[in-house]
Amino acid sequence: MPWLGACDSKSVKVLEQHAIWIRETGAGSINVSWWGPGSAIDRLMPTLMDVMKAHDLRVAMHLEPYRDRHAAAYADDVEYLIRELGDKRRWDCLLVLKNADGRQGPVFKSFRTLVPPTATDCHGTTTNSARLRGR
């Protein structure tokens, strides 16, 4: 049996102890697997972020491939996270990094994100994205 008892990610006591242990390592952030809007982890994020903030820890999201067409929904998911966990919380806990040129932004990780055959940018220009897929 684990020292804290059966693991319950929703337990503030468990989150608090994990945050203490994480800070004791010298780490400044955690990475959380996120499984989409409305998922169990999405509903837990406000509590998790409150606890991490109380221990001066930042949070980065790892966007899991939780549905078909993960790549097609990726931008919507990032916008959702920015709005719900960034803007609404006044950027109190998301991990934000600054580039050498001074630009800054939140950190999101992912894997198994498939790039579609073509991509359309914010100006409406569609291009062949084969070069992005390494072909």
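This text gives an overview of the structure that appears in the document. (Residues numbered from 1 in each chain as written. Predicted model: local features only at pLDDT ≥ 70, side-chain atom pairs only at ≥ 80, totals over all residues. Heavy atoms only, no water.)

Points about the layout of surface pockets
As a volume, the second largest pocket reaches approximately 160 Å³. Contributing to the lining of the second largest pocket are 14 residues, with Ser9, Leu15, His18, Leu44 and Leu48 lying nearest its centre. Secondary structure elements with two or more residues in the lining of the second largest pocket: α1 (12–24), β1 (29–34) and α2 (40–54). Its residues placed into classes, the lining of the second largest pocket shows ten nonpolar, four polar and no charged. (1 Å grid on protein atoms, 1.4 Å probe; cavity = no way out; pocket = protein on both sides within 12 Å on 5 of 7 lines; lining within 4 Å. Points joined across faces, edges and corners; volume = space filled by probe spheres on them. Helix = DSSP H or I, 4+ residues; strand = E, 2+ residues; numbered from the N terminus. Nonpolar A, V, L, I, M, F, W, Y, C, P; charged D, E, K, R; others polar.)

Side note on the side chain of Asp92
Along the chain, Asp92 falls in the loop between α3 (70–87) and β3 (96–98). The residues contacting Asp92, other than those within four sequence positions of it, are Lys53 and Arg58. (Contact = heavy atoms within 4.5 Å.)

Things to note about the environment of Thr125
In this structure, Thr125 sits in the loop between β6 (118–120) and β7 (126–128). The contacts of Thr125, once residues within four sequence positions are left out, are Ala119 and Thr120.

A few points about the environment of Asp50
Mapped onto the elements of the fold, Asp50 is located in helix α2. The exposure class of Asp50 is partly exposed, given its relative accessible area of 44%. Separated by 35 residues in sequence, Asp50 and Leu15 place their C-alpha atoms 9.9 Å apart. (Buried < 20%, exposed > 50% of the residue type's maximum accessible area, 1.4 Å probe, protein only.)

Side note on the packing of aromatic side chains
Any two aromatic rings considered together are summarised by their centre-to-centre distance and by the angle between their planes. One pass over the structure, following the stated rule, counts two aromatic pairs. Among the aromatic side chains, those forming a connected cluster through ring pairs are Trp34, Tyr66 and Tyr80. (Phe/Tyr/Trp six-rings, centres within 6.5 Å; stacked < 30°, edge-to-face > 60°.)

Concerning α3
The largest bend in α3 is about 25°, located at Asp76. All buried positions along α3 are accounted for by His70, Ala73, Tyr74, Asp77, Val78, Tyr80, Leu81, Leu85 and Gly86. Residues of α3 that are buried sit in contact with β1, α2, β2 (58–63) and β5 (108–110). (Bend = angle between axes of the 7 residues up to and from the residue.)

Examining a nonpolar patch on the surface
Together, Trp3, Ile20 and Trp21 give the surface a local cluster of nonpolar side chains, amounting to about 360 Å² of exposed area. With respect to the helices, strands and loops of the structure, Ile20 is situated in helix α1. (Patch = residues over 30% accessible without salt bridge, like charges linked within 9 Å, V, L, I, M, F, W, Y side chains within 5 Å. Areas by Shrake-Rupley, 256 points an atom, 1.4 Å probe, with all protein chains shown as cover. Salt bridge = Lys/Arg side-chain N within 4 Å of Asp/Glu carboxyl O.)

What to know about the sheet that holds β5
The three strands lie next to each other as β1-β2-β5, forming an open sheet whose pairing is parallel. Edge positions in the sheet fall to β1 and β5, since each has one partner strand and no second. With direction set aside, neighbouring strand axes in the sheet form an average angle of 30°. Bridge count between β1 and β2: six bridges; the pairing is parallel. Pairing of Val32 across the sheet is with Met61, part of β2. (Pairing = 2+ DSSP bridges. Axes fitted to C-alpha atoms, helices over the stretch in contact; angles between N-to-C directions.)

Comments concerning the side chain of Arg89
Tracing the backbone shows Arg89 in the loop between α3 and β3. By relative accessible area, Arg89 is classed as buried at 15%. A polar contact of 3.5 Å, which involves the side chain of Arg89, links it to the backbone oxygen of Pro46. Beyond its immediate stretch of four places on either side in the chain, Arg89 contacts Pro46, Met49, Asp50 and Glu84. (Polar contact = N/O pair within 3.5 Å; in protein donor to acceptor, adjacent residues only side chain to side chain.)

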